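If you want the building blocks of each chain, they are given just below.
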Amino acid sequence: MPDSISRRSLLKASAIGAPAAFTIVKPHLVRGAGKEKLKVGLVGCGGRGTSAVFELMAATDNVELTAMADVFEDKLESSLERLRSDRNLKRFAGQTVIRDGKPYQLTVEDMAKKLQAGIKVAPDRHFVGQDAFKKLLATDIDAVLLITPPGHRPLHFEAAIEARKHVFLEKPVATDPVGTRRVIAAGRKAKELGLTVVSGTEMRYTPQYMETVEQIQAGAIGDITAAYAYWYGTAIFHASERKPEWNEIDWQHRNWYSFVWICGDQLVEQQVHRIDLVDWVMKSHPIKAIGNGGRAWRRNDNPVHGDVFDIMDVEFTYPNGVKLISMSRHYPRYDHLPMRNGAEVVGAKGRSNCMDMARTKTEIIGGMQEQVRLINSIRGDGPYINNTEEVAESTMVCIMGREAAYSGQEVTWEQVMNSQLDLYPKDLSPGAEIPVPKPRVPGEYRFV
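Along each chain, residue indices are assigned from 1 in the same order as the chain's sequence is written. Local features in this predicted model are restricted to residues whose pLDDT is 70 or higher, and side-chain atom pairs enter the listing and the counts only when it is 80 or higher, whereas totals over whole chains, interfaces and linings include all residues. To obtain the side-chain values, all non-hydrogen atoms of the structure were used and water was disregarded.

## A look at the overall build of the protein
From N to C terminus, the protein includes 15 helices and 15 strands. Relative to the 2.2 N^0.38 estimate, which gives 22 Å for 448 residues, the radius of gyration of the protein is 21 Å and therefore close to what a compact globule would have. Across its three principal axes, the protein shows a C-alpha extent of roughly 60 × 60 × 50 Å. In this scheme, a residue with accessible area under 20% of its type's maximum is buried, one over 50% is exposed, and one in between is partly exposed, where area comes from a 1.4 Å probe on protein chains only. Here the protein holds 448 residues, and the buried ones make up 57% of them. Pairs of residues are marked as contacts when any of their non-hydrogen atoms sit within 4.5 Å. Counting contacts in the protein only where the partners sit at least 6 residues apart, residues at least 24 apart contribute 77% of the total. Element-wise, carbon and sulfur atoms account for 51% of the exposed surface of the protein, whose accessible area totals about 18900 Å². Counting rule applied: Lys, Arg positive; Asp, Glu negative; His and chain ends not counted. In this description, the location of a charge corresponds to atom NZ of lysine, CZ of arginine, CG of aspartate or CD of glutamate. Averaging the positions of the 57 positive and the 56 negative side-chain charges in the protein gives two centres separated by 3 Å. We count a stretch as a helix when DSSP gives it H or I for four or more residues in a row; a strand needs E for two or more, and each element gets its number in order from the N terminus. As defined in this context, the radius of gyration uses C-alpha atoms, and a globule is described by 2.2 Å times the residue total to the power 0.38. The protein chains shown are the only cover counted for residues, whose accessible areas, like all others here, come from Shrake-Rupley with a 1.4 Å probe.

The following block contains the structure:
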C-alpha cells in the first residue's frame with residue numbers, strides 16, 4: 001500500500017480525550033451556534049437511520065432534519081412517517097441523557113415538541129436512488145448522518161467530506177480493506193478541514209462503559225490475561241423472498257444482510273461493537289487472527305441466504321500475547337438455544353464485563369450520547385472530535401477475523417492492512433448484475 005498506516009499514526013489521529021484546551025470549530029463552518037438551527041441530513045432511512053434521528057432530537061436542541069436520502073422511496077417515506085408519528089415516542093419516556101454535564105430525563109411531551117420543531121423535510125428534499133446521497137450533500141445541510149448498509153460507507157463518507165459536511169459515521173465503516181483505507185484517508189482530510197466526525201461505536205460514549213474501562217485501565221483487575229466477546233443472535237433477513245419486480249440491485253439492497261459485499265458478515269457488521277470495546281480496554285489492536293466458520297443451516301440453493309456465514313469463531317492475539325476469543329452465530333430462534341451478547345476481560349486480580357464498576361447507576365443510552373458529542377463538537381461546546389481512524393481500526397480488525405474464518409488461514413494485521421481485496425461493485429445501475437459468490441469454504445478460499 002503506497003501510504004502505509006502504522007499503529008502509532010492510528011492512535012495519534014484517533015485520540016478523543018479532553019485536550020488542554022478545546023479545538024473549536026470556526027463559527028463560519030456551521031450554523032447553530034446561536035439561535036439559528038443546525039441543519040442535518042440523513043442518508044439511509046432504515047430502522048437504524050430512523051432511530052438515529054430520534055436519538056439526535058432527544059439528545060439535542062436547536063437542530064433540524066431538513067433532507068433525507070435512500071435508495072428506495074418507500075423506505076424514505078416510511079421513515080418520515082415514523083418520525084412524524086406519536087406512536088414511537090413512549091420508548092423515550094423516562095430515558096436519561098447527559099447534557100451540559102447534567103442528567104436530563106425525557107418525557108413523551110418533550111419528544112413530541114422536539115420532533116414537531118425538528119422534522120423539517122420539505123418535499124423537494126426527499127432524494128431517492130443510488131445517487132440520492134449526492135443530491136442531499138448538495139443542499140445547505142451542516143451535518144449528515146451516514147447510516148446506509150456499510151458497503152456504501154467509504155463512497156458516501158468521501159463525498160460528505162468533499163462537500164465540507166460534519167459527519168456521524170455509523171459502524172462499521174467498510175466491508176473490505178480497500179474501503180477501510182479510503183475511509184481513513186477521508187478522515188484525515190476531515191481533520192485538516194476541521195470537520196467533526198463522530199463514529200457509531202456507542203459504548204465509548206456510554207457512562208457505564210466509560211467509567212469501568214477507566215478503572216480497568218488504571219489496574220482495578222490487574223494485568224489483562226484474556227478477553228472474550230460474544231454475539232449469539234438470530235438470523236437477520238430484511239426480506240423473506242424476492243419479488244418479481246425487483247432487479248438484482250434492488251434484491252441485494254432489500255435483503256442486504258445476506259450479502260458480504262454490502263454487510264461485511266456478522267463479525268464486521270455486529271461483533272465490531274464488542275471487538276472495539278476490547279480494543280479500547282487493551283489500548284491496542286490484535287496483530288493476528290485465526291478462526292473457524294461456516295454455514296450450519298443456511299443453504300447454498302436458497303437465494304435468500306446469500307453468501308454470509310452463520311457461525312464465526314475467531315482467536316485474536318494482541319501484541320502482548322493476550323488472546324481475545326470472539327464467538328458469534330446467527331441461528332434461527334429456538335427456545336432451547338441461548339442468546340448471548342457481551343464481552344468480558346479477565347485480569348490477574350479479577351474480571352469485568354466492562355460496565356460493572358460504573359459510578360453512574362442511571363442507564364444512559366450511548367446512541368443519544370453520540371449525538372450530544374456530535375453537536376457539541378460542531379458548535380464548539382465541547383472538544384473537537386474526529387474518531388474516524390478509531391472505528392476504522394476496529395472495522396479492519398473484524399475484517400481480519402472474518403477473512404481468517406473464511407479461509408482457515410492465520411491472517412496478520414500487516415496482511416489485511418496491505419490487502420487489495422475490494423468487494424464494492426463497479427456498476428450499481430438498475431440493469432446491472434452483482435454475481436453472488438459461492439460461500440467461502442475454509443481451506444479452499446484463500447485470503448490474499
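Next comes the rest of the account.
## Overview of the pairing of strand 3 (residues 96-99)
Where strand 3 lies against strand 4 (residues 102-105), 4 bridges are found, and the strand directions are antiparallel. The residue of strand 4 that forms the bridge with Val97 is Tyr104. Strands pair, by our definition, only if DSSP identifies at least two bridges between them. Remark: 2 residues form the turn of the hairpin made by strand 3 and strand 4, two consecutive strands paired antiparallel; Asp100 in that turn has positive phi of roughly 55°.

## A closer look at the nonpolar core
Formed by 59 residues in total, the largest nonpolar core has its most connected members in Leu277, Phe316, Leu324, Val345 and Val416. Every residue in contact with Leu324, bar those within four places of it in the chain, is listed here: Ala227, Tyr228, Ala229, Ile275, Val278, Val314, Glu315, Phe316 and Tyr318. Residues belong to one nonpolar core when they are buried, are Ala, Val, Leu, Ile, Met, Phe, Trp, Tyr or Cys, and are joined through side-chain atoms within 4.5 Å.

## Observations concerning empty space enclosed by the protein
Residues are called lining when one of their atoms sits within 4 Å of a cavity or pocket point, these points coming from a 1 Å grid over the protein atoms alone, where a cavity is a set in which a 1.4 Å probe fits but cannot get out and a pocket is an open set with protein on both sides within 12 Å along at least five of seven lines. Grid points are joined across faces, edges and corners, and a volume is the space filled by probe spheres set on the points. With the rule as written, the count across this model stands at 1 cavity of 30 Å³ or more. The calculated volume of the largest cavity comes to roughly 70 Å³. What lines the largest cavity is simply Pro150, Gly151, Pro154, Leu155, Ala174, Thr175, Asp176, Val178, Gly179, Arg182, Asp422 and Tyr424. Elements with a minimum of two residues in the lining of the largest cavity: helix 6 (153-162) and helix 7 (177-193). In terms of residue count, the dominant contributor to the lining of the largest cavity is helix 7 (3 residues). Residues are grouped as follows: nonpolar covers Ala, Val, Leu, Ile, Met, Phe, Trp, Tyr, Cys and Pro; charged covers Asp, Glu, Lys and Arg; every other residue, Gly included, is treated as polar. Partitioning the lining of the largest cavity into residue classes produces 6 nonpolar, 3 polar and 3 charged.

## Focus on the sheet that holds strand 10 (residues 288-294)
The 7 strands lie next to each other as 14-13-9-12-11-10-15, forming an open sheet whose pairing is mixed. Since the sheet does not close on itself, it has two edges, and those belong to strand 14 (350-352) and strand 15 (411-412), each with one partner. As defined by bridge partners, strand 9 (residues 224-234) adjoins strand 12 (residues 323-331) across 9 bridges and the pair is classed as parallel. When the sheet's bridge partners are listed, Ala227 is paired in strand 12 with Leu324. Helix axes are fitted to C-alpha atoms over the stretch in contact, other axes to C-alpha atoms as well, and angles between N-to-C directions run from 0 to 180 degrees. On top of the sheet, helix 12 (residues 272-282) reaches strand 9, strand 11 (311-317), strand 12 and strand 13 (340-347); it is set at about 20° to strand 13, its chief contact.

## Topic: the packing of helix 6 against helix 7
The geometry of helix 6 relative to helix 7 is characterised by a closest axis approach of 9 Å and an angle of 15° between their N-to-C directions. In terms of orientation, helix 6 and helix 7 fall into the roughly parallel class. Crossing hand, helix 6 versus helix 7: left-handed. Across the interface between the two elements, Pro154, Leu155, Phe157, Glu158, Ile161 and Glu162 from helix 6 touch Gly179, Arg182, Val183, Ala186, Gly187, Lys189, Ala190 and Leu193 from helix 7. Here the contact of helix 6 with helix 7 is composed, by residue class, of 8 nonpolar, 2 polar and 4 charged. Here roughly perpendicular refers to angles of 65 to 115 degrees, roughly parallel to angles under 35, roughly antiparallel to angles over 145, and oblique to all remaining angles. Crossings are sorted by hand: turned counterclockwise from the far helix by less than a right angle, the near helix makes the crossing left-handed, and turned clockwise it makes it right-handed.

## Regarding the layout of surface pockets
Estimates place the volume of the largest pocket at around 980 Å³. Forming the walls of the largest pocket are 50 residues, and the residues nearest its centre are Arg48, Ile147, Thr148, Pro149 and Trp256. Of all the elements in the fold, those that place two or more residues in the lining of the largest pocket are helix 2 (47-59), strand 2 (63-70), helix 3 (73-84), helix 5 (132-137), helix 6, helix 9 (248-254) and helix 12. Counting residues per element, the lining of the largest pocket draws most heavily on helix 3, which supplies 4 residues.

## Topic: helix 4 (residues 108-118)
Two residues of an α-helix separated by three or four positions point the same way, owing to the 3.6 residues in each turn. Buried residues of helix 4: Met111, Lys114, Leu115 and Gly118, and no others. Down the axis of helix 4, the smallest arc covering the buried residues is 95°, so these residues share one side. In helix 4, the exposed positions angled more than 90 degrees off the buried face are occupied by Glu109, Lys113 and Gln116. On its buried face, helix 4 sits against helix 2, strand 2, helix 3 and strand 3. Directions drawn from the helix axis to the C-beta atoms are what define this arc.

## Topic: the packing of aromatic side chains
Only Phe, Tyr and Trp rings are paired, with Trp represented by its six-membered ring, and only when their centres lie within 6.5 Å; those with planes under 30 degrees apart are stacked, over 60 edge-to-face, the remainder tilted. Per the stated rule, a full pass over the model turns up 8 aromatic pairs. Here Tyr406 and Tyr445 contribute two aromatic rings whose centre-to-centre distance is 6.1 Å and whose plane-to-plane angle is 90°, an arrangement assigned as edge-to-face. Placement of Tyr406 in helix 14 (residues 388-407) and of Tyr445 in the segment after helix 15 (413-418) is noted, with a sequence separation of 39 residues between them. Site record: aromatic cluster; members linked through ring pairs are Trp246, Trp251 and Phe259. Consider the ring centre and the ring normal. A charge sits over the ring if Lys NZ or Arg CZ is within 6 Å of that centre and within 35 degrees of that normal. In this arrangement the basic side chain of Arg254 is found over the ring face of Phe72, its NZ or CZ atom lying 3.7 Å from the centre.

## Considerations on the sheet that holds strand 5 (residues 126-128)
If you trace the 6 strands from one edge of the open sheet to the other, you get 5-2-1-6-7-8, paired in parallel fashion. Two strands bound the open sheet, and with one partner strand each, they are strand 5 and strand 8 (197-199). Each strand of the sheet is rotated relative to its neighbour by a mean of 20°, with strand direction disregarded. Here strand 7 (residues 166-169) pairs with strand 8 via 3 bridges, running parallel. Following the sheet pairing, Phe168 is matched in strand 8 by Val198.

## With respect to the environment of Gly321
Counting through the fold element by element, Gly321 comes out in the loop between strand 11 and strand 12. The exposure class of Gly321 is partly exposed, given its relative accessible area of 40%. Residues Gly321 and Thr180, spaced 141 residues apart in sequence, show a C-alpha to C-alpha distance of 26 Å.

## So, the pairing of strand 11
Note: strand 10 against strand 11, 7 bridges, orientation antiparallel. Looking at the pairing, Asn292 lines up with Asp313 of strand 11. Taken together, the 7 bridges between strand 11 and strand 12 define a ladder with antiparallel strand orientation. Following the sheet pairing, Glu315 is matched in strand 12 by Ile325.

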